[in-house]
Amino acid sequence: MHQLDRSDCKILAHLKDNGQLTTNELASKIFLSASQCSRRRARLEKDNYISGYHADLNLGKLGYALTALISITSNYHNQENNERFIELINEETAILEAFELTGPMDYILKVMVPDLEGLTELINDTLLPHESVQHINSAIALKTIKSNNDLLNNYKN
């Protein structure tokens, strides 16, 4: 893998905002030739700086109106238990993000469900019965204040 330069970072910043930019559009935004921009983009994809392209869906409009954070403490702290729980997390589509933590909690999950009933079902019917789960704490998000990954925004100009 090669070291990223300013032009590479500009490409990443613009594609993060709009993955549908054509090579010509992208080249004009970062002041490179289309062929040079195309080569750089292909290299960034090959080296996994770009892991894919997707549409940013409005989940609220699709019926997923409730966002919650669920913290979980495990029963047993061993590799087998960890693997079983990770399997459960990966199978559950309502779980958008999951993090293994240091400190008193073992995991924190970001979930989106249609309503309070959906959250109750996820906790009571899916998470709590799992043999790996000892304790659950949940918090409902009232409002999203910030949600992005604009780490490269300063490279756009």
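Below you will find a few notes about this structure. (Residues numbered from 1 in each chain as written. Predicted model: local features only at pLDDT ≥ 70, side-chain atom pairs only at ≥ 80, totals over all residues. Heavy atoms only, no water.)

### Things to note about the pairing of strand 2 (residues 95–100)
What counts here: A pair of strands is considered paired only if DSSP assigns at least 2 bridges between the two. By definition, any uninterrupted DSSP run of H or I lasting at least four residues is a helix, any uninterrupted run of E lasting at least two residues is a strand, and each is numbered from the N terminus.
Strand direction decides the pairing type here: strand 2 and strand 3 (residues 107–113), joined by five bridges, are antiparallel. Within the sheet, the bridge partner assigned to Phe99 lies in strand 3 and is Ile108.

### Description of the sheet that holds strand 3
Note the following rule: Here an axis means a line fitted to C-alpha atoms, over the contact stretch when the element is a helix, while the angle between two N-to-C directions is reported on a 0 to 180 degree scale. Residues count as neighbours in contact if any of their non-hydrogen atoms are within 4.5 Å of one another.
With respect to topology, four strands assemble into an open sheet ordered 2-3-1-4, the strand pairing being antiparallel. Strands at the two margins of the open sheet, each flanked by one partner only, are strand 2 and strand 4 (133–140). Strand-to-strand twist in this sheet, taken as the mean axis angle between neighbours without regard to direction, amounts to 20°. Both strand 1 (residues 66–74) and strand 4 contribute to a ladder of seven bridges, which runs antiparallel. Following the sheet pairing, Ser74 is matched in strand 4 by Val133. The strands that helix 5 (residues 116–127) touches are strand 1, strand 3 and strand 4; relative to strand 1, the one it contacts most, it runs at about 20°.

### Some points on a nonpolar patch on the surface
This is how it is decided: Only residues whose relative accessible area exceeds 30% and that form no salt bridge enter a patch; like-charged residues are grouped when within 9 Å of one another, and nonpolar side chains (Val, Leu, Ile, Met, Phe, Trp, Tyr) when within 5 Å. Exposure was quantified through the Shrake-Rupley algorithm and a 1.4 Å probe, taking into account, for residues, occlusion by the shown protein chains and nothing else. Each reported salt bridge corresponds to a side-chain nitrogen of Lys or Arg within 4 Å of a carboxyl oxygen of Asp or Glu. Burial status follows relative accessibility: with a 1.4 Å probe on protein chains alone, a residue under 20% of its type maximum counts as buried, one over 50% as exposed, and anything between as partly exposed.
A cluster of nonpolar side chains, Leu57, Leu62 and Tyr64, forms an exposed patch at the surface whose accessible area comes to about 320 Å². Here Tyr64 is to be found in the loop between helix 3 (34–46) and strand 1. Taking relative accessible area as the criterion, Tyr64 reaches 38% and is therefore assigned partly exposed.

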